[in-house]
Amino acid sequence: QVQLVESGGGLVQPGGSLRLSCAASGFTFFSIYAMTWYRQTPGKEREQVAVISSAGDSTNYADSVKGRFTISRDNAKNMVYLQMNSLKPEDTAVYYCHARRSGPGYWGQGTQVTVSS
């Protein structure tokens, strides 16, 4: 059974850093899936934050996080990461990991990130 499990969220002060991890299991070939981090706050639509290609050679970021967040993956370990630096209160959200090759793809359960002093 395919599963994505996010971890690494928590409470951090403005200007701080967090590293989110997404552990993938049950995939026959994890390395053929593009991986995306999304985030969502109550009352708002889910927002795409960062995406990485299946081979890890191409990335794209939302304008709001460019220069602060870095997405990476380790296909040997079936892992995806989101390094978040210079965090701002507006980065507060539930962060979700998503895997897609075709169709709707697969979602994790999310991890809460709260940026507050």
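Residues numbered from 1 in each chain as written. Predicted model: local features only at pLDDT ≥ 70, side-chain atom pairs only at ≥ 80, totals over all residues. Heavy atoms only, no water.

Enumeration according to the criterion identifies 4 salt bridges in this entry. When the shortest N-O distance is used, the salt bridge between Asp91 and Arg39 registers 2.9 Å. With a gap of 52 residues between them, Asp91 in the loop between strand E8 (79-84) and strand E9 (93-100) and Arg39 in strand E4 (residues 34-40) connect regions that are remote in the sequence. The residues Asp91 and Arg39 share a single accessibility class, namely buried. Among the salt bridges present, the one from Arg68 reaches Asp91, with a minimum N-O distance of 2.7 Å. Within this pair, whereas Arg68 is found in the loop between strand E6 (59-61) and strand E7 (69-74), its partner Asp91 is found in the loop between E8 and E9, the two being separated by 23 residues in sequence. Note on accessibility: Arg68 and Asp91 belong to one class, buried. Three or more residues joined by partner-sharing salt bridges are found here, namely Arg39, Glu47, Arg68 and Asp91. (Salt bridge = Lys/Arg side-chain N within 4 Å of Asp/Glu carboxyl O. Helix = DSSP H or I, 4+ residues; strand = E, 2+ residues; numbered from the N terminus. Buried < 20%, exposed > 50% of the residue type's maximum accessible area, 1.4 Å probe, protein only.)

All right, on to the environment of Arg68 then. Classification of Arg68 as buried rests on a relative accessible area of 10%. C-alpha separation for the pair Arg68 and Val51, spaced 17 residues apart in sequence, amounts to 14 Å. Those residues in contact with Arg68, other than ones at most four positions away along the chain, are Gln83, Met84, Asn85, Ser86, Leu87, Lys88 and Asp91. Only 2.9 Å separates the side chain of Arg68 from the backbone oxygen of Ser86, close enough to count as a polar contact. (Contact = heavy atoms within 4.5 Å. Polar contact = N/O pair within 3.5 Å; in protein donor to acceptor, adjacent residues only side chain to side chain.)

E4 sits mainly inside the fold: 5 of its 7 residues count as buried. Pairing of E4 with strand E5 (residues 47-52), which is carried by 5 bridges, proceeds in the antiparallel orientation. Counted as the bridge partner of Tyr38 is Gln48 from E5. In this structure, the hairpin formed by E4 and E5 is closed by a connection of 6 residues, where Gly43 is found at a positive phi of approximately 85 degrees. (Pairing = 2+ DSSP bridges.)

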